[in-house]
Amino acid sequence: MRSLLRAWVALPFSLPVGFNAEEAHNIVKDCVDGVLGGEDYNHNNINQWTASIVEQSLTHLVKLGKAYKYIVTCAVVQKSAYGFHTASSCFWDTTADGTCTVRWENRTMNCVVNVFAIAIVL
Amino acid sequence: MMMSDIAKNPVAHSRKKRGSVSSLSSHEFQRREIHGRTKDSMSTVSYMDEPSQRDDVSRLTVQMENTYQLGPPKHFPVVTVNHILKDVLTNYLQEEEYEPELCRQMTKTITEVIKAQVKDLVIPRYKFIVIVHIGQLNTQSILIASRCLWDPKSDAFSSYVFRNASLFALANVYAVYLE
């Protein structure tokens, strides 16, 4: 009887799945392709483009219906002979939270999109 | 910066696994027109601090009790963090000139330093994300935007831009409350 009870108590609960980075990568890549694909760097439109990339990515990520808070960052640089570095460091729960980075470029510009997903525990 | 809010039902944790993930991927866009060759480089350093041994036992998810708190007892101090960012960037970059190797290392170091200083503030139940961009200052154009889906009552961000003669640096810290 006692050993049966112990077996029942020791039954493991399911572990959290974690962030699906590949899915997010595909979503964001499609968004960027849709907005910037075929365009050349244009100072007048750049504001609008970054806003739509970020907004569309966020909307599609939310449609996945997962319990996450999202932070989406987008940096667009004109292609030039000048250097640019980005780095990020995160303090979070490594099992449940995750990040994904998409680098995209064409002839006239480079684009880096970062997605950070932080789990909400329901 | 634009944020959209979503109301969340707060749930509590009495014990949580904290890990420090430093994904120091430094994306460097640099075209050197020497001999007509272009070169893009990317370096990635990814490491995770291992949780302590006794946490292995708690890897099985356990049901937590409610704290019945509706919001964070101590909010993220945006102004203090602004000062931290300003101090760190100014100290590290005041006299520096833009050099590819130096800045590559510098971005990673600065992210780590900022993260350590923000952690020292000891604000319970907050998770942090630190992002640093460093670029050469010249006539090229760059736009950096971000949008967050979170609860604006408990979550916040802090940002600072530093410029000197040859480079610019942007540091962002996002703080997300653990619900």
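A brief report on the enclosed structure follows.

Parameters and conventions
Residues numbered from 1 in each chain as written. Chains lettered and ligands numbered in written order. Predicted model: local features only at pLDDT ≥ 70, side-chain atom pairs only at ≥ 80, totals over all residues. Heavy atoms only, no water. Helix = DSSP H or I, 4+ residues; strand = E, 2+ residues; numbered from the N terminus. Buried < 20%, exposed > 50% of the residue type's maximum accessible area, 1.4 Å probe, protein only. Contact = heavy atoms within 4.5 Å. Areas by Shrake-Rupley, 256 points an atom, 1.4 Å probe, with all protein chains shown as cover. Expected span 1.5 Å × (residues − 1). Arc of directions from axis to C-beta. Salt bridge = Lys/Arg side-chain N within 4 Å of Asp/Glu carboxyl O. Axes fitted to C-alpha atoms, helices over the stretch in contact; angles between N-to-C directions. Left-handed = near helix turned anticlockwise from the far one by under 90°. Nonpolar A, V, L, I, M, F, W, Y, C, P; charged D, E, K, R; others polar.

Summing up its helical and strand segments, chain A has 3 helices and 4 strands in all. Going residue by residue from the N terminus, the α and β elements of chain A occur as α-α-α-β-β-β-β. Expressed as a percentage of its 122 residues, the buried residues of chain A come to 51%. For chain A, contacts bridging at least 24 residues in sequence account for 71% of all contacts bridging at least 6. About 6000 Å² of surface is accessible on chain A, with carbon and sulfur atoms providing 54% of the total.

Another point: unusual backbone geometry. Residue and element names in this part refer to chain B. Even without being a glycine, V122 presents a positive backbone phi close to 50°. Along the chain, V122 falls in the loop between helix 2 (100-120) and strand 4 (126-136). Under the relative-accessibility criterion, V122 is labelled exposed at 58%. Residue R125 is not a glycine yet carries a positive backbone phi of 65°. Relative to the helices and strands, R125 resides in the loop between helix 2 and strand 4. Residue R125 is classed as buried on the basis of its relative accessible area, which comes to 12%.

An α-helical segment advances 3.6 residues per turn. Residues three or four places apart therefore align on the same side. Its 18 residues place the ends of helix 3 (residues 46-63) of chain A 26 Å apart at the C-alpha level, agreeing with the 26 Å of an ideal helix rising 1.5 Å per residue. Every buried residue of helix 3 of chain A is listed here: I46(A), W49(A), T50(A), I53(A), V54(A), S57(A), L58(A) and L61(A). For helix 3 of chain A, the angular spread of buried residues about the axis comes to 155°, placing them on one side. In helix 3 of chain A, the exposed residues that point more than 90 degrees away from the buried face are N47(A), Q48(A) and K63(A). Looking at the packing, one finds that the buried side of helix 3 of chain A touches helix 2 (21-36), strand 1 (68-78) and strand 4 (109-119) of chain A together with strand 5 (142-150) of chain B. Residue G65(A) follows helix 3 of chain A closely and has a positive phi angle near 75°.

All names here are of chain A. In this fold, S57 is placed in helix 3. On the accessibility criterion, S57 (0% relative accessible area) is buried. Setting aside anything within four residues of it in sequence, one finds S57 in contact with I27, V28, C31 and V72.

Here we take up the pattern of salt bridges. Evaluated as defined, the whole model comprises 8 salt bridges over all chains. Notably, a salt bridge pairs K79(A) with E105(A), separated by 2.5 Å at the nearest N-O pair. In this pair, K79(A) is assigned in the loop between strand 1 and strand 2 (84-92) and E105(A) in strand 3 (residues 98-105), connecting sequence segments 26 residues apart. For E101(B), the salt bridge identified is with R104(B), shortest N-O distance 3.6 Å. In this pair, E101(B) and R104(B) are both assigned in helix 2, 3 residues apart and thus about one turn of the helix distant. With a relative accessible area of 15%, R104(B) lands in the buried category.

Okay, helix 1 (residues 78-93) of chain B next. All names here are of chain B. Compared with the 22 Å implied by 1.5 Å per residue over 16 residues, the 22 Å span of helix 1 between its first and last C-alpha is a close match. Taken residue by residue, helix 1 has V81, I84, L85, V88, L89 and L93 as its buried positions. End-on view of helix 1: buried residues confined to an arc of 120°, all on one side of the axis. The outward face of helix 1, more than 90 degrees from its buried face, is lined by the exposed residues V79 and N91. As for helix 1, its buried residues are in contact with helix 2, strand 4, strand 6 (156-163) and strand 7 (167-177).

Below, the discussion takes up the packing of helix 1 of chain B against helix 2 of chain B. All names here are of chain B. At a closest axis distance of 10 Å, the pairing of helix 1 and helix 2 adopts a crossing angle of 145°. Between helix 1 and helix 2 lies a crossing whose hand is right-handed. From helix 1, V81, I84, L85, V88, L89, Y92 and L93 reach across to helix 2, where they touch M106, T109, I110, V113, I114, Q117 and V118. Its residues placed into classes, the contact of helix 1 with helix 2 shows 12 nonpolar, 2 polar and no charged.

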